Amino acid sequence: AQLDHVNIVRVHDLIREPETLAIVMDYISGVSLAECLNDEKTEAWSVKDTIDVMDPIVQAIVYAHERGVVHRDIKPGNILLDRRSGNAGLGTPKVTDFGLAKILTDTEQHTKTGSKMGTLPYMAPEQFQGLKSIGPQADLYALAMMAWHLLAGKLPIAMDDMIAACN
């Protein structure tokens, strides 16, 4: 809720009831980047479209990092493309779902060492290993994986291979 950036979905309120927890945030009219990737007819995006989408996302994550927040779950499903504004075809990218975020200045430990948090194809090695010292580099890794996915039309490692490596 403390992050106020044009490319981050704003959180307005947190509602806590005895058996309910809800987050009130901006409504984004559009689709997630994951949906857009699944709907694409071509296997790879152009360099221009990739830059048009990735540049605002990178700016939003740099803004979060400057305020001591590491997202820890950057992936196409957590990027919404607001079709009400932005470039004609794609819309304005908005980073959402800071549910796994780590506040770098927070001295309390909210996750135990060894716990794996994130989404497999976009998790940095230190994140996958469940290391305690997850920092901004984990988000940079996820951003690079997302850019690769857009430019190549696929992830650099097949999902089946990733799952096999985890077992």
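Here is a short report on the structure shown in this document. (Residues numbered from 1 in each chain as written. Predicted model: local features only at pLDDT ≥ 70, side-chain atom pairs only at ≥ 80, totals over all residues. Heavy atoms only, no water.)

Once that is clear, we can look at the pairing of strand E5 (residues 79-82). Summarising the sheet, strand E3 (residues 30-32) and E5 pair through 3 bridges and their orientation is antiparallel. Bridging from a neighbouring strand, Ser32 pairs with Leu80 of E5. When E5 meets strand E6 (residues 92-95), the two strands line up antiparallel, connected through 4 bridges. Bridge assignment links Asp82 to a residue of E6, and that residue is Thr92. (Pairing = 2+ DSSP bridges. Helix = DSSP H or I, 4+ residues; strand = E, 2+ residues; numbered from the N terminus.)

Counting residues in each nonpolar core, the largest one holds 27 residues, and the members touching the most others are Leu33, Trp45, Ile57 and Met146. Counting only elements with at least two residues in this core, the list comes to helix H1 (33-39), helix H2 (47-66), E5 and helix H4 (136-152). Counting residues per element, this core draws most heavily on H2, which supplies 7 residues. When neighbours within four sequence positions are excluded, Ile57 is seen to be in contact with Ile79, Pro93, Val95, Leu143 and Met146. (Core = buried A, V, L, I, M, F, W, Y, C linked by side-chain atoms within 4.5 Å. Buried < 20%, exposed > 50% of the residue type's maximum accessible area, 1.4 Å probe, protein only. Contact = heavy atoms within 4.5 Å.)

Before going further, it helps to spend a moment on the side chain of Asn7. Within the secondary structure layout, Asn7 lies in the segment before strand E1 (11-17). Engagement of the side chain of Asn7 in a polar contact is seen with the backbone oxygen of Pro93, the distance being 2.8 Å. (Polar contact = N/O pair within 3.5 Å; in protein donor to acceptor, adjacent residues only side chain to side chain.)

This brings us to the pairing of E1. Bridge count for E1 against strand E2 (residues 20-25) is 6 bridges, and the pairing is antiparallel. Each bridged residue has a counterpart across the sheet, and for Ile15 the counterpart in E2 is Ala22. The antiparallel hairpin formed by E1 and E2 contains 2 residues in its connecting segment.

Positive phi, close to 70°, is recorded for Arg72, a residue that is not glycine. Secondary-structure assignment places Arg72 in the loop between strand E4 (69-70) and E5. Here the phi dihedral of Asp97 falls at roughly 60°; this positive angle occurs in a residue that is not glycine. Judged by its relative accessible area of 38%, Asp97 is partly exposed.

This brings us to a nonpolar patch on the surface. Together, Leu14, Leu21, Ile23 and Met25 line one region of the surface with nonpolar side chains, adding up to about 390 Å² of accessible area. Take the nonpolar patch: its biggest share by element is 3 residues, from E2. Examined against the element boundaries, Leu21 turns out to sit in strand E2. (Patch = residues over 30% accessible without salt bridge, like charges linked within 9 Å, V, L, I, M, F, W, Y side chains within 5 Å. Areas by Shrake-Rupley, 256 points an atom, 1.4 Å probe, with all protein chains shown as cover. Salt bridge = Lys/Arg side-chain N within 4 Å of Asp/Glu carboxyl O.)

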